[in-house]
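Spelled out, the chains give:
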Amino acid sequence: MITMVRNVSRWFKVNRFMGKCTVIGVLLAFVAVACLGQLASVQLLNGKSTAQAATASRTKTVTISAKRGKILDTNGAVLAQSVERYNVVADPELAQTFVPTDCTEKTVGNCQQIDGQPVGTTGAAAVARLLAPILGMDAKELGALLSGTGQYVVLKKEVTPEVMRSIDDLGLNGCVYGELSSERLYSNGTLMGALLGGVNDEGAGVAGIEQMQNAVLTGTDGYKKYERGGEGVEIPGTVTESKYAVDGSDVELTIDANVDWYVKKVLSDAKEQYKADWAIAVVQDVQNGQILALEDTDQYEAGSDDAKLNTSRAVSQTFEPGSIGKVFSMAGMLQSGAHQLTDQFTVPGTITKNGQTFKDATQHGDEHWTLAGILEQSSNVGMVMAGENFSNEQRYEFLSKFGIGQDGLGLPGESDGVLTSAASWDGRTQNTVLFGQGYATNALQVTNAIATIANKGVKQQQSIIKSVTDANGHTEDAKTGEPTRVIDEQVASQMMNAMESSAEHYSKFAGVDGYRVAAKSGTAEVAGSDGRLTSIISDWSGIIPADNPRFVVTVVMKDPQGSYGGLTSGPVFKQISEFLMQKYEVPASTPRTDAIAVTW
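Sequence order sets the numbering: in each chain, residues are counted from 1 along the sequence as written. At least 70 in pLDDT is required for a residue's local features to be given in this predicted model, at least 80 for side-chain atom pairs to be given and counted, and no such filter applies to totals for whole chains, interfaces and linings, which use all residues. The side-chain values count all of the structure's non-hydrogen atoms but skip hydrogen atoms and water molecules.

With that settled, consider the overall build of the chain. Summing up its helical and strand segments, the chain has 21 helices and 23 strands in all. A burial count over the chain gives 47% of its 600 residues as buried. In this analysis, two residues are considered to be in contact whenever any of their non-hydrogen atoms come within 4.5 Å of each other. For the chain, restricting intrachain contacts to residue pairs at least 6 apart in sequence, the fraction spanning at least 24 positions comes to 72%. Note that accessible areas follow from Shrake-Rupley with a 1.4 Å probe, and for residues the cover is restricted to the protein chains shown. Here the chain has roughly 28900 Å² of accessible surface; of this, 50% comes from carbon and sulfur atoms. Only DSSP runs of H or I reaching four residues or more are called helices, and only runs of E reaching two or more are called strands; each is numbered from the N terminus. Three labels apply to residues, based on accessible area from a 1.4 Å probe with only protein chains included: buried if under 20% of the type maximum, exposed if over 50%, partly exposed otherwise in between.

In structure tokens, the structure reads:
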């Protein structure tokens, strides 16, 4: 009986164990079937999408930056260029897994150390310690950047290729790399500072010529797609798509940097000599309207914040031209038939018109001057007298035809000046416009108006862009507007004659040995800092040589000691003109024999 009970008990135990084994076996079978099903699904049904996802996770798209075009002077000298630089970029996730290799005999050339000692740590801290001395940054600051999330962080912008090579030599297993970038460099400091302007952090022109020509200078970026290995480096032969970058075009200016440099120097010296607030000068080629120099005494370095925030004074500063304006009015009188230069006038010291009294700069009694003599003596009273047969509408018409109140070069910040309609002139303004007051202009407009007379009465469209050369080396000359005739050639010749007499009036101060000059000086009162007429503009615009015009040089100064344009701006014109005659080897003038009488 006892034996039977034991046998039954043993049978139940054996069967219970077998049952458990059976259940476990069935469960394992289910798991195996599920795994096989999933494996089949991955490999057979979703294999393509899974492979694509894996490839996408390894694929990286890198931008290939296009280089911004150069800005050159008329002789090909580089004024602005972009040089190769790199933005240092890190993958924080990879950096945090970095383990430096101690330097031994077996690992030389593929190890990391600091001053001959082991790095002493791992991960982001190790990477930071290695990079800090090369980048000139604090290791803690770098460590913080490298300890973040994600796979992309910029550690430092625009490092040199030498710095990038030093980083590559560290062997950081792809967790730190360089993205090609560029830095804009300017070769001449304050020369043409605000005129050239500058670019922003993205490399786009935001001021001056950089802004004016931004579309031309800017290239088109390319890109490259490739797969990365476990250490973040490119897997050879895995480039799937790429596009070459196209560099921006080079822009050649009409500016001659050597002339511009000399003009800047002379202006700076003159500002100090005459204690002027500022000075401006323009040099223009008579025959084609090209600007050879455009300078002022502001000291803004090209590319600096000052250059990007301030417009070149040479294009933005407006002023009343003073007696230089008599040239435009008198040319209009001759062209309209109101007068001849030989017309005779008895000119008193003052005159009253429309209840307004006008006077000359110096007191005098009745003088017997021809119209040419009125210009030579720069008589305001004489101009008012000569204006009797020259209507307000004609006065406005010829000022407008000469380009007063109009855009010249189209530079950012360039002022058009102010020339209101004849209908808006009051009883005084309608006469002051005859001698260069009552309207505002800039140095470019004055220069081109005088150049119109030098160019036999034909006004050229001023230009500062000479040509554009694209990345393939194809050069295209810049387009300019069509020339327009303002006055007849005979009228222009007569005005040249009168202006030459005017220049001879100041030959002791502004004459150029060996060369004939046709010029006009100007002096005008303008509002000072207190808003009252307490400041003086002294200017001079001259043509040299007068017998074969090559250049027009205009000089403008504010509040110089000496006031009169012929005594301050005139000598500056003399210095610039002497340099031009020597540099361009201009033949000496023939003697003058046809001067129109200035008195009777």
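Where a strand is regular, its side chains alternate between the two sheet faces. Of all 9 residues making up strand 21 (residues 518-526), 7 are buried, and the element is well covered by its neighbours. Judged from the 9 bridges that link them, strand 21 and strand 22 (residues 535-544) form a sheet pairing that is antiparallel. By the bridge assignment, Val 526 is partnered in strand 22 with Ser 535. We call two strands paired when DSSP finds no fewer than two bridges between them.

A separate point is the nonpolar core. Here, nonpolar core means buried Ala, Val, Leu, Ile, Met, Phe, Trp, Tyr and Cys residues that are tied together by side-chain atoms lying within 4.5 Å of each other. Judged by nonpolar contacts, the single largest core of 87 residues is most densely connected at Leu 196, Leu 253, Leu 294, Phe 328 and Ile 487. The leading source of residues in this core is helix 18 (residues 443-454), at 8 residues. Leaving out residues up to four positions away in the same chain, Leu 196 has contacts with Ile 71, Leu 79, Tyr 186, Leu 191, Ala 207, Gly 208, Ile 209, Glu 210, Leu 253 and Ala 302. Within the second largest apolar cluster, 32 residues are counted, among which are Tyr 274, Val 517, Phe 551 and Val 572.

On to a nonpolar patch on the surface, then. By definition, no residue in a patch forms a salt bridge, and every one has over 30% relative accessible area; like charges are joined within 9 Å, nonpolar side chains (Val, Leu, Ile, Met, Phe, Trp, Tyr) within 5 Å. Should a side-chain nitrogen of Lys or Arg be within 4 Å of a carboxyl oxygen of Asp or Glu, the pair is scored as a salt bridge. Together, Phe 509, Tyr 564 and Leu 567 make up a nonpolar patch on the protein surface, roughly 250 Å² of accessible area in all. Within the element layout of this structure, Tyr 564 appears in the loop between strand 23 (551-558) and helix 21 (565-583).

Let's shift gears to unusual backbone geometry. Across the junction of Ile 544 and Pro 545, the peptide omega takes the value -15°, indicating a cis bond. Relative to the elements of secondary structure, Pro 545 occurs in the loop between strand 22 and strand 23. Of note, the phi angle at Asn 354 is positive, near 55°, even though the residue is not glycine. Within the secondary structure layout, Asn 354 lies in the loop between strand 14 (350-353) and strand 15 (356-359). Accessibility expressed as a relative area gives 52% for Asn 354, which makes it exposed. A positive phi is found at Ser 378, a non-glycine position, where the angle reads about 55°. Mapped onto the elements of the fold, Ser 378 is located in the loop between helix 14 (371-376) and helix 15 (380-386).

By this rule the span expected of a helix is its residue count minus one, scaled by 1.5 Å. Helix length check: helix 13 (residues 325-336), at 12 residues, gives a terminal C-alpha distance of 17 Å against a target of 16 Å (1.5 Å per residue), a fit within 8%. For helix 13, every residue scored as buried is listed here: Gly 325, Lys 326, Val 327, Phe 328, Ser 329, Met 330, Ala 331, Gly 332, Met 333 and Leu 334. On the buried face of helix 13, the contacting elements are helix 14, helix 15, helix 16 (392-401), helix 18, helix 19 (489-504) and strand 21. Among the residues trailing helix 13, Gly 337 stands out with phi positive, at a value near 85°.

Further remarks concern the packing of helix 13 against helix 16. For helices, the axis comes from a line fit to the C-alpha atoms of the stretch in contact; other axes are also lines fit to C-alpha atoms, and the angle between any two N-to-C directions lies between 0 and 180 degrees. One can describe the packing of helix 13 onto helix 16 by two numbers: an axis separation of 9 Å at closest approach and a directional angle of 115°. One element, helix 13, and the other, helix 16, form an angle in the roughly perpendicular class. Note on packing geometry: the crossing formed by helix 13 with helix 16 is right-handed. Between helix 13, through Phe 328, Gly 332, Gln 335 and Ser 336, and helix 16, the contact on the second element is made entirely by Gln 394, Phe 398 and Leu 399. In this count, Pro and Cys sit with the nonpolar residues alongside Ala, Val, Leu, Ile, Met, Phe, Trp and Tyr, while Asp, Glu, Lys and Arg are called charged and the others, Gly among them, polar. Per-class residue counts for the contact of helix 13 with helix 16 are 3 nonpolar, 4 polar and no charged. An angle counts as roughly parallel when it lies under 35 degrees, as roughly antiparallel when it exceeds 145, as roughly perpendicular when it falls between 65 and 115, and as oblique in every other case. Crossings are sorted by hand: turned counterclockwise from the far helix by less than a right angle, the near helix makes the crossing left-handed, and turned clockwise it makes it right-handed.

Of note, Arg 85 is situated in strand 3 (residues 78-90). Any N or O atom pair separated by 3.5 Å or less is treated as a polar contact, with the protein-specific requirement of one donor-capable and one acceptor-capable atom, and with residues adjacent in sequence counted only for side-chain atom pairs. Only 2.9 Å separates the side chain of Arg 85 from the side chain of Glu 183, close enough to count as a polar contact.

Each pair of aromatic rings taken from Phe, Tyr and Trp, with Trp reduced to its six-membered ring, is defined by centres within 6.5 Å and is described as stacked if the planes are under 30 degrees apart, edge-to-face if over 60, and tilted in the remaining cases. If you walk through the whole model with that rule in mind, you get 8 aromatic pairs. Between Phe 328 and Phe 402, the aromatic rings sit 5.4 Å apart at their centres with planes inclined by 35°, giving tilted as the arrangement. Here Phe 402 lies in the loop between helix 16 and helix 17 (429-432) and Phe 328 lies in helix 13, a separation of 74 residues in the sequence. Here Phe 328 matches Phe 402 in class, with each residue buried. Seen from their ring centres, Phe 358 and Phe 435 are 6.2 Å apart, and the 75° between their planes marks the pair as edge-to-face.

Once that is clear, we can look at the state of the cysteines. The disulfide criterion used throughout: a pair of cysteine sulfur atoms within 2.5 Å. Under the counting rule described, the total for this entry stands at 1 disulfide. Disulfide pairing is shown between Cys 103 and Cys 111; the S-S distance is 2.0 Å. The sign of the 95° torsion about the S-S bond sets the Cys 103-Cys 111 disulfide as right-handed.

It is worth spelling out the sheet that holds strand 21 at this point. Strand pairing in a sheet is mediated by backbone hydrogen bonds. Such pairs are either parallel or antiparallel. Strand order across the open sheet formed by 5 strands is 12-11-23-22-21, with antiparallel pairing between neighbours. Each of the sheet's edge strands pairs with one partner strand only, and the pair in question is strand 12 (291-296) and strand 21. Averaged over all neighbouring strand pairs, the angle between strand axes comes to 10°, with direction disregarded. Alignment of strand 11 (residues 278-285) against strand 12, held across 5 bridges, turns out to be antiparallel.

Before going further, it helps to examine the pairing of strand 14. Sheet topology note: the strand 14/strand 15 ladder contains 4 bridges and is antiparallel. Bridge pairing in strand 15 links Thr 350 to Lys 359. Between the antiparallel neighbours strand 14 and strand 15 lie 2 residues, among them Asn 354 with a positive phi of about 55°.

All right, on to the pattern of salt bridges then. According to the stated counting rule, one finds 17 salt bridges in the structure shown. Among the salt bridges present, the one from Asp 256 reaches Lys 583, with a minimum N-O distance of 3.6 Å. Taken together, the positions of Asp 256 in the loop between strand 10 (250-253) and helix 10 (257-274) and Lys 583 in helix 21 put the pair 327 residues apart, joining distant regions of the chain. Across the salt bridge formed by Lys 479 and Glu 476, the nearest N and O atoms sit 2.9 Å from each other. Via salt bridges that share partners, Glu 500, Glu 504, Arg 516 and Arg 592 belong to a single interconnected network.

Interhelical geometry of helix 18 versus helix 19 gives an angle of 115° and a closest axis separation of 8 Å. With respect to helix 19, the element helix 18 is oriented roughly perpendicular. Between helix 18, through Ile 450, Ile 453 and Ala 454, and helix 19, the contact on the second element is made entirely by Ala 492, Met 495, Met 496 and Met 499. Along the lines of polarity and charge, the residues of the contact of helix 18 with helix 19 split into 7 nonpolar, no polar and no charged.

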